[in-house]
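The residues making up each chain are set out below.
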Amino acid sequence: MQAEFLKSVKEFLNKNTNPDVLDGFFQELTDSVDEACKQFSKLDLAKSRAAYLKWKVLENLDKYLIDFESAVVRRGGKVIWACDAENAIQEILQIIKKNDFKKIVKSKSSIAEEINLKTSLKSKGIIVGETDFGDYIIDSTKERPFHLVFSSPQKDIPEIAKVLNEKIGSSIDADPENLATDLREEIRESIYQADLVITGANFLIAENGMIGVSENEGNIRLATSICKTHIVLAGIEKIIPTIADIDLFFSLFASFGTGQKLTTYNSLIGPKSRESEDGPAEFIVLLIDNGRSSILNMPEQRQVLSCIKCGACQNVCPVFKISSGHSIRNNYSGPYGSVISPFIENAQDKGDLSYASTICGKCTDVCPVKIDIHNHLLRNRRDLRIEGSTGMGEKLGWYTWKKFVMNRKTMNRSTGVKSFTFKQMFKKNWGENREFPKFSDKSFNQLWREKFGGN
Ligand code: SF4
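Conventions used here
- Residues numbered from 1 in each chain as written.
- Predicted model: local features only at pLDDT ≥ 70, side-chain atom pairs only at ≥ 80, totals over all residues.
- Heavy atoms only, no water.
- Near = heavy atom within 4 Å.
- Nonpolar A, V, L, I, M, F, W, Y, C, P; charged D, E, K, R; others polar.
- Axes fitted to C-alpha atoms, helices over the stretch in contact; angles between N-to-C directions.
- Helix = DSSP H or I, 4+ residues; strand = E, 2+ residues; numbered from the N terminus.
- Parallel < 35°, antiparallel > 145°, perpendicular 65-115°, else oblique.
- Contact = heavy atoms within 4.5 Å.
- Buried < 20%, exposed > 50% of the residue type's maximum accessible area, 1.4 Å probe, protein only.
- Lys, Arg positive; Asp, Glu negative; His and termini not counted.
- Salt bridge = Lys/Arg side-chain N within 4 Å of Asp/Glu carboxyl O.
- Core = buried A, V, L, I, M, F, W, Y, C linked by side-chain atoms within 4.5 Å.
- Left-handed = near helix turned anticlockwise from the far one by under 90°.
- Expected span 1.5 Å × (residues − 1).
- Arc of directions from axis to C-beta.
- Pairing = 2+ DSSP bridges.

1. Side note on the site of the ligand
- Neighbouring residues of the ligand: 14 residues in total, closest Cys 307, Cys 310, Gly 311, Cys 313 and Cys 367.
- Residues belonging to the shell around the ligand are distributed by class as follows: twelve nonpolar, one polar and one charged.

Next up, the structure:
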């Protein structure tokens with residue numbers, strides 16, 4: 001897998017002819033995140049509180065999930081439990097067939113990518129329209145999302161104009177404002193005609209059976225107000241205990257995800273009440289497991305289920321902020337993706353992704369729910385070794401390295417010999433653009449003798 005990962009990173013870097021766009025994007029985002037975080041008078045306390053709430057949920061998930069289901073049913077909605085991706089797709093297909101839905105739209109949703117929603121429905125002749133600007137663009141270019149929150153930040157305006165010119169006839173010279181207006185009209189028209197909307201959920205509120213959704217375009221709010229049926233796709237870990245907790249999570253998600261104090265639209269959505277004219281007649285939540293209970297069953301790894309998918313760990317990661325989600329074959333990119341992929345069913349990149357890290361710990365520092373990400377990567381590496389999944393090349397490399405460093409005679413050889421040997425061993429993996437480390441002119445033995453004497 002490592003070879004494949006490196007190959008796809010190279011492919012992406014070769015294709016991405018305008019790295020300045022990405023550099024500028026991440027720099028601006030980091031500045032905005034710093035600014036937005038100033039809204040917390042005690043940021044560390046806010047993070048600790050969020051981490052504690054998520055920990056409490058995970059330790060009592062069985063109870064909270066039942067609370068959530070009961071609350072949804074009490075409000076007139078329905079909950080369906082799906083053990084894996086296939087099960088989830090079958091349930092969605094049944095709903096579509098039963099109601100003979102012809103026009104379907106979906107919002108940006110990482111779990112929809114995880115269960116391969118669009119491809120699976122397309123194979124049955126069912127086309128689903130995108131309501132998110134970024135997802136609309138990458139759907140048109142048949143690409144994967146670059147990031148958990150931003151689908152295509154690597155694309156500049158001329159590239160987007162070209163896509164929209166081909167797809168909806170926008171002017172090739174249109175400025176960003178006009179491009180956004182054209183796309184908004186296109187998306188809104190598809191929403192007006194749709195009878196089913198499929199969305200994700202940022203949070204599931206156990207206390208009242210509502211979902212919390214953060215967005216900047218307002219299309220989820222519009223679609224869930226208009227469509228007859230609303231299907232919510234959510235991993236079982238998305239629960240938060242009460243409505244009183246939502247302001248903390250909405251603010252953390254916005255600050256760390258997009259560098260805003262709050263995203264433009266924050267909606268609490270539930271089944272339509274008797275008094276309300278707006279809202280879907282049918283509100284169905286699909287609670288999807290797909291490997292999450294096995295993570296819950298592992299006390300050491302359980303904490304990763306606290307993730308609120310803000311993408312902040314990718315924004316600071318020296319590997320993923322340039323290599324992107326395009327370099328892996330799973331839905332979840334960035335350090336979080338590397339941690340979770342070995343456990344998500346149907347994920348194609350397994351534990352080897354945990355080697356795509358410098359273990360610098362920046363991901364852990366930034367995480368708003370205090371997930372110990374870089375140590376989880378180390379644990380995954382350890383488990384790979386215990387399972388015996390370490391490749392022959394790596395085993396041989398470490399065996400040779402051990403022989404080399406444990407032999408005093410070898411270590412006392414001249415700097416030239418050591419540098420030559422090191423380069424021979426690592427020339428392939430060290431990377432073409434990095435300098436090799438310089439060995440000291442004197443060996444440890446020589447330095448010791450100079451300082452303390454003896455042989
Ligand atoms: S692991 Fe933390 S920083 Fe990374 S996406 Fe999840 S919540 Fe955000």
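2. A short note on the packing of helix α8 (residues 133-140) against helix α9 (residues 157-168)
- Between α8 and α9, whose axes approach to 10 Å, the crossing angle comes to 75°. One way to sum up the angle between α8 and α9 is to call them roughly perpendicular. Here α8 contributes Tyr 136, Ile 137 and Ser 140 to the contact with α9, which in turn contributes Ile 160, Val 163, Leu 164, Lys 167 and Ile 168.
- Of the residues that constitute the contact of α8 with α9, the class distribution is six nonpolar, one polar and one charged.

3. Quick word on the side chain of Lys 47
- Mapping Lys 47 onto the fold places it in helix α3 (residues 43-59).
- Despite its burial, Lys 47 pairs with no opposite charge; the closest candidate is Asp 44, at 5.3 Å N-O.
- Those residues in contact with Lys 47 that sit more than four places away from it in its chain are Phe 256, Asp 365, Val 366, Cys 367, Pro 368, Val 369 and Lys 370.

4. Overview of the nonpolar core
- Counting residues in each nonpolar core, the largest one holds 96 residues, and the members touching the most others are Ile 92, Ile 115, Leu 117, Leu 233, Ile 239 and Leu 286.
- Each residue touching Ile 115, except ones within four places of it in the same chain, is listed here: Ala 85, Ala 88, Ile 89, Ile 92, Ser 120, Leu 233 and Ile 288.
- Core analysis: the next-biggest nonpolar cluster, separate from the first, contains 17 residues, Phe 133, Val 163, Leu 183 and Ala 194 among them.

5. Observations concerning the packing of α9 against helix α10 (residues 176-193)
- Running from N to C, α9 and α10 cross one another at 35°; their axes reach a closest spacing of 11 Å. You can see that α9 and α10 cross each other, and the crossing is left-handed. Contacts from Ile 157, Ile 160, Ala 161, Leu 164 and Ile 168 in α9 reach Pro 176, Leu 179, Asp 182, Leu 183 and Glu 186 in α10.
- Looking at the contact of α9 with α10, its residues break down into eight nonpolar, no polar and two charged.

6. Observations regarding helix α21 (residues 415-426)
- Along its twelve residues, α21 runs 16 Å from first to last C-alpha, staying within 8% of the 16 Å computed at 1.5 Å per residue.
- Taken together, the buried positions of α21 are Thr 415, Lys 418 and Phe 422. One face of α21 carries all of its buried residues, which in axial projection span an arc of 65°.
- Against the buried residues of α21 lie α19 (392-405) and α20 (408-411).

7. Regarding the sheet that holds strand β3 (residues 128-130)
- Spatial strand order, β1-β10-β7-β4-β2-β3: six strands in an open sheet with parallel pairing. Each of the sheet's edge strands pairs with one partner strand only, and the pair in question is β1 (78-82) and β3. Each neighbouring strand pair of the sheet contributes to a mean axis angle of 25°, computed without reference to strand direction.
- Bridging between strand β2 (residues 104-106) and β3 involves three bridges; their strand directions are parallel. Across the sheet, Ile 104 pairs through a bridge with Val 128, a residue of β3.

8. Some thoughts on the pattern of salt bridges
- Tallying each qualifying case throughout the model produces 21 salt bridges.
- The residue Lys 106 makes a salt bridge to Asp 135 at a minimum N-O spacing of 3.9 Å. With Lys 106 in strand β2 and Asp 135 in helix α8, this pair connects stretches of sequence that are 29 residues apart.
- A salt bridge links Glu 114 to Arg 292; the nearest nitrogen and oxygen atoms lie 2.8 Å apart.

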